[in-house]
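Descriptive structure summary
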Amino acid sequence: MLEKILVVDDEKEIADLIEVYLQNENMDVYKFYSGEEALVCIGSTDFDLAILDIMLPDISGLSICQSIRSKEYTYPVIMLTAKDGETDKITGLTLGADDYITKPFLPLELVARVKAQLRRYKKYNAGSAVPAADEIFKYAGLTMNIKTYECRLNGEALSLTPTEFSILRILLERRCSVVSAEELFHEVWQEEYYTKSNNTITVHIRHLREKMKDTGENPRYIKTVWGVGYKIGEI
């Protein structure tokens, strides 16, 4: 079955270019030049990934992303941002976006990012009737089932994006060990473009804490080891 990709960009040349490259990868592209049209389609189509331009003439890509997450759709969202749109990038990640690409971009880079997000999304949605012991992580009321892509905190389901799920999984796999932001970035995105100024991981960690209702000065679960990284659990 072909992956269904939502593309929303009011710049026709860019949207058409993305469509061509994704179709060449045997993906089924649903292309829109306005946000309102896309929102109608979102409610009636099971997408595998969305590519959203932040600047749209009617409704922003940020609002579309927020709508997707409010409906508890967990498929990956990639935002297209302006070169100087650092604030937009942070806002997008906070609203549940998984990645962003700065305009102008190389089409092949976008294709690579799309494939990486789809691989992770498929991996955590594969499902399994009887998970093995090493496919379930438990810590202080937090339970993660890798095969069924389920995460619960004190019995309550957590609705996590693929990126959030990946970050939490890595921290649980390395329980009691500190994982640097750079290590998390490379493991989640399988990319080498991390820089010290990259705050992508920071934003996702903050979003995870908000969903876990653990945003106090001394979080119970994801702890910050200043100048080093993050960890779950004590030795």
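The notes below deal with the structure included here. Model, not experiment: these values are computed from the prediction.

1. Regarding the overall build of the protein
The helix and strand inventory of the protein stands at eight helices and 11 strands. A buried classification covers 51% of the 235 residues belonging to the protein.

2. What to know about the sheet that holds strand β7 (residues 142-145)
Ordered by their spatial adjacency, four strands build an open sheet running β6-β7-β8-β9, and the pairing between neighbours is antiparallel. Looking along the sheet, the strands with just one partner apiece sit at the ends: β6 (136-139) and β9 (156-157). Across two bridges, strand β8 (residues 150-153) lies against β9 in antiparallel orientation. Note that in β9 the partner of R152 across the bridge is A157. Of the strands in this sheet, β6, β7 and β8 touch helix α6 (residues 162-173), which is tilted by about 110 degrees from β7.

3. Quick look at the nonpolar core
Within the largest apolar cluster, 30 residues are counted, with the highest numbers of intra-cluster contacts made by L142, L168, L171, I201 and I222. Of all the secondary-structure elements, those providing two or more residues to this core are β6, β7, β8, α6, α7 (181-189), α8 (200-211) and β11 (229-232). Here this core takes six residues from α6, the largest share from any one element.

4. A closer look at α8
Across its 12 residues, α8 extends 17 Å between first and last C-alpha, which sits within 8% of the 16 Å expected from 1.5 Å per residue. Along α8, the residues classified as buried are T200, I201, V203, H204, I205, H207, L208 and R209. One or two steps after α8, the chain reaches K213, where phi turns positive at roughly 55 degrees.

5. Some points on the pattern of salt bridges
Throughout the structure, instances matching the rule amount to 14 salt bridges. In this structure, the salt-bridge partner of E19 is K31, at a minimum N-O distance of 2.7 Å. Residue E19 is found in helix α1 (residues 12-24), and its partner K31 is found in strand β2 (residues 28-32); the two are separated by 12 residues along the sequence. By relative accessible area, which is 18% here, E19 ends up buried. Among the charged side chains, a network of salt bridges with common partners joins D9, E11, D53 and K103.

6. Things to note about α6
For α6, which comprises 12 residues, the first-to-last C-alpha distance of 16 Å matches the rise-based estimate of 16 Å (1.5 Å per residue) to within 8%. Burial of α6 is extensive: 11 of the 12 residues sit out of reach of the surface. Of the positions making up α6, those classed as buried are P162, T163, E164, F165, S166, I167, L168, R169, I170, L171 and L172.

7. Points about the sheet that holds strand β1 (residues 4-8)
Within the open sheet, the five strands sit side by side as β2-β1-β3-β4-β5. Their pairing is parallel. A strand with exactly one partner marks an edge of an open sheet, and here the two such strands are β2 and β5 (99-102). Taking the axes of each pair of neighbouring strands and ignoring which way they run, one obtains an average angle of 20 degrees across the sheet. In this sheet, β2 lies alongside β1 in parallel orientation, the contact comprising five bridges. From the neighbouring strand, L6 faces β2, where its bridge partner is Y30.

8. A look at unusual backbone geometry
Cis peptide bonds are those with omega within 30 degrees of zero, and the linkage from K103 to P104 qualifies with -10 degrees. Summarising the element assignment, P104 is placed in the loop between β5 and α5 (107-123). Positive phi, normally seen in glycine, also occurs at E72, with a value near 65 degrees. Residue position: E72 is located in the loop between α3 (61-70) and β4 (77-81). For N154, which is not glycine, the phi torsion reads 55 degrees and is therefore positive.

Rules behind the numbers
Residues numbered from 1 in each chain as written. Predicted model: local features only at pLDDT ≥ 70, side-chain atom pairs only at ≥ 80, totals over all residues. Heavy atoms only, no water. Helix = DSSP H or I, 4+ residues; strand = E, 2+ residues; numbered from the N terminus. Buried < 20%, exposed > 50% of the residue type's maximum accessible area, 1.4 Å probe, protein only. Pairing = 2+ DSSP bridges. Contact = heavy atoms within 4.5 Å. Axes fitted to C-alpha atoms, helices over the stretch in contact; angles between N-to-C directions. Core = buried A, V, L, I, M, F, W, Y, C linked by side-chain atoms within 4.5 Å. Expected span 1.5 Å × (residues − 1). Salt bridge = Lys/Arg side-chain N within 4 Å of Asp/Glu carboxyl O.

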